[in-house]
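Architecture and fold: a report
Given next are the chains, with one letter for each unit.
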Amino acid sequence: MTTPTATEAWHKTACILCENNCGLLIQLEDRRFAKIRGDKDHVASAGYTCNKALRLDHYQNGATRLTTPLRREPDGTFTEIDWHTAISEVAARLTDIQRTHGGDKIFYYGGGGQGNHLGGAYSTALRRALGSRYRSSALAQEKTGEGWVDAHLTGGHTTGDFEHAEVSIFLGKNPWQSHGVPRARTVLQQIAKDPARTMIVIDPVRTETADLADIHLQVRPGTDAWCLAALLAILVRDDLLDHTFLTEHTTGSDTVATDLAHIDIPAYADICGVPENLLRTTARSIATARSVATYEDLGVQQSPNSTLISYLNKLLWLLTGNFAKPGAMQPHSWMAPLAGYRREIKRSPVTGAPLLGGMLPCNAIAEEINTDHPDRFRAMIIESANPAHSLADSTAFRDALHALDLVVVIDIALTETARHADYVLPAASQFEKWEATFFNLEFPHNTFHLRAPLLDPLPGTLPEPEIYARLLRELRAVSRGKLALLRAAAKLGRRPYAWTFAAMLATDKTLGGLAPYLLYETLGPTLPHGARSAAVLWALAHRVAKVYPAAMRRAGHHNADALFDAILTSRSGVTFTLDDYDDAWNYLPHPDKRIPLAIPQLLHALRELTTTPATHTTAEFPFVLAAGERRAFTANTIFRDDTWRRRDPHGALRLNPDDAARLGLTTGDRARITTRRGSAIATVETNDRMQPGHASLPNGLGLDLPTANGTHRTGVAANELTDLTWRDAIAGTPWHKHVPARIEPA
Ligand SMILES: Nc1nc2c(c(=O)[nH]1)N[C@H]1C(S)=C(S)[C@@H](COP(=O)(O)OP(=O)(O)OC[C@H]3O[C@@H](n4cnc5c(=O)[nH]c(N)nc54)[C@H](O)[C@@H]3O)O[C@H]1N2
Ligand SMILES: Nc1nc2c(c(=O)[nH]1)N[C@H]1C(S)=C(S)[C@@H](COP(=O)(O)OP(=O)(O)OC[C@H]3O[C@@H](n4cnc5c(=O)[nH]c(N)nc54)[C@H](O)[C@@H]3O)O[C@H]1N2
Ligand code: SF4
Ligand SMILES: [Mo]
């Protein structure tokens, strides 16, 4: 905990609501968060927060926290059971499924939300002990297509340097509301104020970010592929490419340029609804800028042609040489990579869905289960996720949960998902345990923040690492002798421990996947202030020292143990690597250190655009519904409490005023939204930010919150309206932002 000083009442932690995890100071009053403010000492956020962090007490002290494990009885009701019973029964049932059907029939979902990834780091050991092979998470309904494109091009994730970019491009991304860029609102305002810098927003909606932009390409929903293809074609035809960069650092640019040169620019401008002149101005401003950074997000990643769009987005900055220099796009180090980057595609056992980044597409999970195929999954472990609410077609997912022999949910609350579990294991909240995220995506300073607990776990709850360890103990995953040897070595110090650990893993290959558990059981108890869950970070610090030795030393850590100690003691986070711009090239995995630009499958998709349908609406479903917009008062399903929202209390359906008038609707009216899959009632807000024919609903609403006599739902649960088959042909990622719908007065 914090050291006693004059400001001892302020506890250091971080926000858990989006990937930026801004550093916070919190004052407690018993278990309540009395005051919250930004932590000026924080290595990444330097005091910045947005409006949402100040409402975190609604998470910590929400009314739906669980305080005891639950078991489903044959009559469908839940019984409260003690932890000992829960652990032994769950371990026995998992073992039973492993013996009868094989461990690969145990599917794992989640492993972390916006603020908590330490538990997930230990889940891998449980999965290894059980022989579980398949998994997924929310990444497989947004970033897996982009990751696959990255695997071909730069070999891994790249980050935009928006603090310094002359041209910043936001593609289907509204950072004013959703962040993603550190200190987003400050950075956006700085760009907007500086006449030498240009902001380009590509979004069908005139968002708060678009309000600050120099150029807003207000595309028709779902037509970004044509828009980007036209921009790229202009770059090629007007010879605006960076030939020096292409010759020195890439291969295949001629192949790509030949395909782009054939594009009918006026026709594509027409399809995306952006005047050709504006596209030409935009292309020129990108090509002539000293530096360009781009951020693509859900507006395109959850819309038609998403994997192709990721490719075209990356060609935009690669063909103009915006890589590995200030203000441009950078690959970066990782504490632990969030996903694997591989070009070759493995397939799922039943439906043959692509396992990009090692994950099953979220839209394929229910299909993989709702079948009598012998290889179907039989059990699911779900941690820190609410897939019965967040996956497309909630009905299909609930059916899948019911078809499984065993569902185990680890969560802090009785969520829409937990309600369908056989066992619910209550976790301590993110302010009641050591926690961290692996959203470490920055360059040249990449940072990591291990948060200390502010409070003891709510009685009856456990941190996830302890839950996984108890299950592994019950499964007798590692012999007592081996654990005793490592414990003895840990008492002698880190060096003897490191030797013993390395020797044991070298002689017994089966222990490799169990490393997080070994560390938790043996190194963990020696860590100060009960930071046992931090044990896995010791191995990750060694990984950093091995993979990025020079960058780690530049950041001030002379070896892995020094980095680990800095992580353990720095309450406002640490910079774990400090890079030079030239180092970016070392991150490229390709032996020739060149970026191979031609991806045949995606060039084929590009050529096919001439015949690919650009609209998916019909006379029956004439609107494009964006189901899941980020707004000032949305935060996935992290707050289970309607009172946290200061504005937009009902999560309004936003409609263009002309559309609303035509339908006889006005702000405050109730409207019925119907899709091929379902129907729901929403409160209307007319809003001239929307273009005609486009409607939007916020994400994370429609939770079933407990009342005295049942549950109450505010707003629309968006995935009652979405369909499994609306998904990208390559990555299987959903079209949440492009749902054909009908809207009528209710
Ligand atoms: N306030 C808040 N912030 C959040 C979250 C939250 O729940 N609430 N969630 C976090 C998470 S998990 C994520 S993944 C990020 C997501 O962050 P964003 O991707 O920025 O969020 P969205 O609002 O879903 O979508 C972004 C934009 O896509 C636009 N869009 C819709 N259709 C199209 C289209 O066809 N083409 C284009 N170009 N744009 C389109 C929408 O108008 C919207 O402005 O936000 C994170 N931050
Ligand atoms: N229609 C539609 N669907 C979408 C989206 C959309 O835009 N439209 N967006 C998609 C995106 S980008 C995302 S990221 C997903 C998000 O959806 P999910 O990945 O399902 O995650 P969250 O809604 O963030 O839910 C996090 C869960 O973690 C629990 N939790 C909080 N703290 C802890 C803790 O310390 N321990 C444990 N064990 N649990 C904890 C919360 O109670 C909650 O149940 O939704 C996706 N679904
Ligand atoms: S930007 Fe806002 S929601 Fe995201 S971590 Fe910072 S304070 Fe929290
Ligand atoms: Mo997300």
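Named according to an unreviewed UniProt entry, the protein is Molybdopterin-dependent oxidoreductase originating from Nocardia niwae.

Looking at the overall build of the protein
Helix and strand counts for the protein come out as 26 helices and 28 strands. In summary, the protein has a C-alpha radius of gyration of 25 Å against a globular reference of 27 Å for 746 residues, a match within 12%. Along the first, second and third principal axes, the C-alpha atoms of the protein reach 70 × 60 × 60 Å. The proportion of buried residues among the 746 residues of the protein is 62%. Taking all contacts inside the protein whose residues are at least 6 apart in sequence as the whole, residues at least 24 apart take part in 74%.

Brief notes about the sheet that holds strand β10 (residues 198-202)
Pairing is parallel in the open sheet, where four strands are placed in the order β11-β10-β9-β13. Here the strands that pair on one side only, and so sit at the sheet edges, are β11 (215-217) and β13 (292-296). Taking the axes of each pair of neighbouring strands and ignoring which way they run, one obtains an average angle of 15° across the sheet. Across five bridges, strand β9 (residues 167-171) lies against β10 in parallel orientation. By the bridge assignment for β10, Leu171 is matched with Ile202. Lying on the sheet, helix α12 (residues 276-288) is in contact with β9, β10, β11 and β13; it crosses β11 at an angle near 125°.

Description of the environment of Leu235
On the secondary structure map, Leu235 appears in helix α8 (residues 224-237). The exposure class assigned to Leu235 is buried, which follows from its relative accessible area of 1%. Distance in space between the C-alpha atoms of Leu235 and Leu319 is 8.4 Å, their sequence separation being 84 residues. Apart from residues no more than four positions distant in its own chain, Leu235 is found in contact with Leu240, Leu241, Ala283, Ala287, Leu316 and Thr320.

As for the site of ligand 3
Taken together, Cys15, Leu17, Cys18, Asn21, Cys22, Thr49, Cys50, Lys52, Ala53 and His179 make up the full set of residues adjacent to ligand 3. For the shell around ligand 3, the per-class residue count stands at six nonpolar, three polar and one charged.

Notes on the site of ligand 2
Around ligand 2 sit 31 residues in total, of which Ser390, Asp411, Glu464, Ala627 and Arg630 are the nearest. The contact in question runs from an oxygen atom of ligand 2 to an N or O atom on the side chain of Gln302, over 3.4 Å. The side chain of Thr637 places a nitrogen or oxygen atom 2.7 Å from an oxygen atom of ligand 2. Contributions of two or more residues to the shell around ligand 2 are made by α16 (387-390), β16 (406-411) and β21 (623-629). Classifying every residue of the shell around ligand 2 by side-chain character gives 12 nonpolar, 13 polar and six charged.

Reading guide: rules and limits
- Residues numbered from 1 in each chain as written.
- Chains lettered and ligands numbered in written order.
- Predicted model: local features only at pLDDT ≥ 70, side-chain atom pairs only at ≥ 80, totals over all residues.
- Heavy atoms only, no water.
- Helix = DSSP H or I, 4+ residues; strand = E, 2+ residues; numbered from the N terminus.
- Rg over C-alpha atoms; globule rule 2.2 N^0.38 Å.
- Buried < 20%, exposed > 50% of the residue type's maximum accessible area, 1.4 Å probe, protein only.
- Contact = heavy atoms within 4.5 Å.
- Pairing = 2+ DSSP bridges.
- Axes fitted to C-alpha atoms, helices over the stretch in contact; angles between N-to-C directions.
- Near = heavy atom within 4 Å.
- Nonpolar A, V, L, I, M, F, W, Y, C, P; charged D, E, K, R; others polar.
- Polar contact = N/O pair within 3.5 Å; in protein donor to acceptor, adjacent residues only side chain to side chain.

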